[in-house]
Amino acid sequence: MIRILFSIIVVAAIAMLPLLGDNYLLRLGTMFAMYCVLALSWNVIGGYAGYPSFSTAAFFGLGAYTGAILQGAGVPMFAAWIAACLSAGLFAVLLGMAILHLKGHYFAIASLVVAEVLVEIATSWTSLTGGGMGINRPVLRISVGAQVQLFFYAMLAAAVLAFIMNWLVGAGRIGFALQCIRQNEDASSMVGINTTRYKVIAFTLSSIFVGGAGAIYASWVFYIEPPDVFSILLSVKPIVMVLLGGAGTIFGPVIGAFVFIVMEELVWRNFLSFHAAVLGVLIVALIFFLPNGILGVIRRRRAARTTQGTAS
């Protein structure tokens, strides 16, 4: 009950950002919500199941192009966003059945190349995707302030839905099965858990809201190109966020996304000329000193206090 109340308070506080009237803060809020979607989604397959997926960029880019192409064909924006979720989910089902029999670094490599394949397809299929020139989306006929708020609330809604999904998975049968798979997949199969089915479900759940976030992003920036929406960073960043906050936890991805965007913004502002190197060093250092994430540190301290209290 306390967790639910805390979650509602946090969402309500973030939702009040437009009242401050600062477009810069709204941009940060939108990026934070998008990062939450990516991290919470990856947590299902990478955190609960322990499968090191690098397919996030593929799902994000596929959703971005699906939404952009459908809007160009006259489909209403919100319907295009829903279609992007469905297309990413369907693609994840087919891809999962093809590569989820692999394990460890073999699976990681197989999932990594998917985005590169989609980049080549998007670059070559000029008649549909615009090729290397990308796709332009018409500017909405509303004020700039209204546009900023629209996409902020849309991305925040996607983040809330991803959080609810992550919560239900972690507290339900799917989460239990995935944690068993993470600990020992062969033993899980021997005791009757359909590991293939649960892995495909997890892989699909890790894609749906990412595809929707990609479509919202495409509408938000009005222009997309293959190297942007299929960037490998979109696969790496969610992993870093989850590891920072705590893999396989409910709140860990959100905490990690917040810490990451704060670090990213500070580095961009103060080390513009070599921000990537500085950010990389900070991330490696944090992961090295926080192997179980921020929530892991909090849990260890609580356990230590409990032990001290029991001993006294």
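Just so it is clear, the model here is predicted, and its values are computed rather than measured.

Q: I'd like to hear about the overall build of the protein chain, residue by residue, with values.
A: What the protein chain contains, in helices and strands, is 15 helices and two strands. The C-alpha radius of gyration of the protein chain comes to 20 Å, within 12% of the 20 Å expected for a compact globule of 312 residues. Judged by the C-alpha coordinates and their principal axes, the protein chain covers about 65 × 50 × 40 Å. A buried classification covers 49% of the 312 residues belonging to the protein chain. If you take every contact in the protein chain between residues at least 6 apart in sequence, the share linking residues at least 24 apart comes to 77%. For the protein chain, the centre of its 16 positive side-chain charges and the centre of its 9 negative side-chain charges are spaced 15 Å apart.

Q: A description of the nonpolar core should follow, citing residues and the corresponding values.
A: The biggest cluster of nonpolar side chains holds 88 residues, and the ones touching the most others in it are Met 34, Tyr 35, Phe 60, Leu 178, Phe 203, Ile 224 and Val 229. Ignoring any residue separated from it by four or fewer positions in sequence, one finds Tyr 35 in contact with Lys 237, Met 241, Ala 257, Phe 260, Ile 261 and Glu 264.

Q: Pulling in residues and values, what's your account of helix α12 (residues 233–245)?
A: Along its 13 residues, α12 runs 18 Å from first to last C-alpha, staying within 8% of the 18 Å computed at 1.5 Å per residue. Across the 13 residues of α12, 10 count as buried, placing the element largely inside the fold. Taken residue by residue, α12 has Leu 234, Ser 235, Lys 237, Pro 238, Ile 239, Val 240, Met 241, Val 242, Leu 244 and Gly 245 as its buried positions. With its phi angle positive at about 135°, Gly 246 sits one or two positions after the end of α12.

Q: An account of the packing of helix α3 (residues 56–72) against helix α10 (residues 195–221) is requested, with residue identities and associated values reported.
A: Where α3 meets α10, the closest approach of the two axes is 6 Å, and the angle between their N-to-C directions is 45°. Taken together, the axes of α3 and α10 lie oblique to each other. Crossing angle aside, the handedness with which α3 passes α10 is right-handed. Residues Thr 56, Phe 59, Phe 60, Gly 63, Ala 64, Gly 67, Ala 68 and Gln 71 of α3 lie in contact with α10, whose contacting residues are Phe 203, Ser 206, Ser 207, Val 210, Gly 211, Ala 213, Gly 214, Ala 215, Tyr 217, Ala 218 and Ser 219. The class makeup of the residues in the contact of α3 with α10 is 10 nonpolar, nine polar and no charged.

Definitions and limits used
- Residues numbered from 1 in each chain as written.
- Predicted model: local features only at pLDDT ≥ 70, side-chain atom pairs only at ≥ 80, totals over all residues.
- Heavy atoms only, no water.
- Helix = DSSP H or I, 4+ residues; strand = E, 2+ residues; numbered from the N terminus.
- Rg over C-alpha atoms; globule rule 2.2 N^0.38 Å.
- Buried < 20%, exposed > 50% of the residue type's maximum accessible area, 1.4 Å probe, protein only.
- Contact = heavy atoms within 4.5 Å.
- Lys, Arg positive; Asp, Glu negative; His and termini not counted.
- Charge placed at Lys NZ, Arg CZ, Asp CG, Glu CD.
- Core = buried A, V, L, I, M, F, W, Y, C linked by side-chain atoms within 4.5 Å.
- Expected span 1.5 Å × (residues − 1).
- Axes fitted to C-alpha atoms, helices over the stretch in contact; angles between N-to-C directions.
- Parallel < 35°, antiparallel > 145°, perpendicular 65-115°, else oblique.
- Left-handed = near helix turned anticlockwise from the far one by under 90°.
- Nonpolar A, V, L, I, M, F, W, Y, C, P; charged D, E, K, R; others polar.

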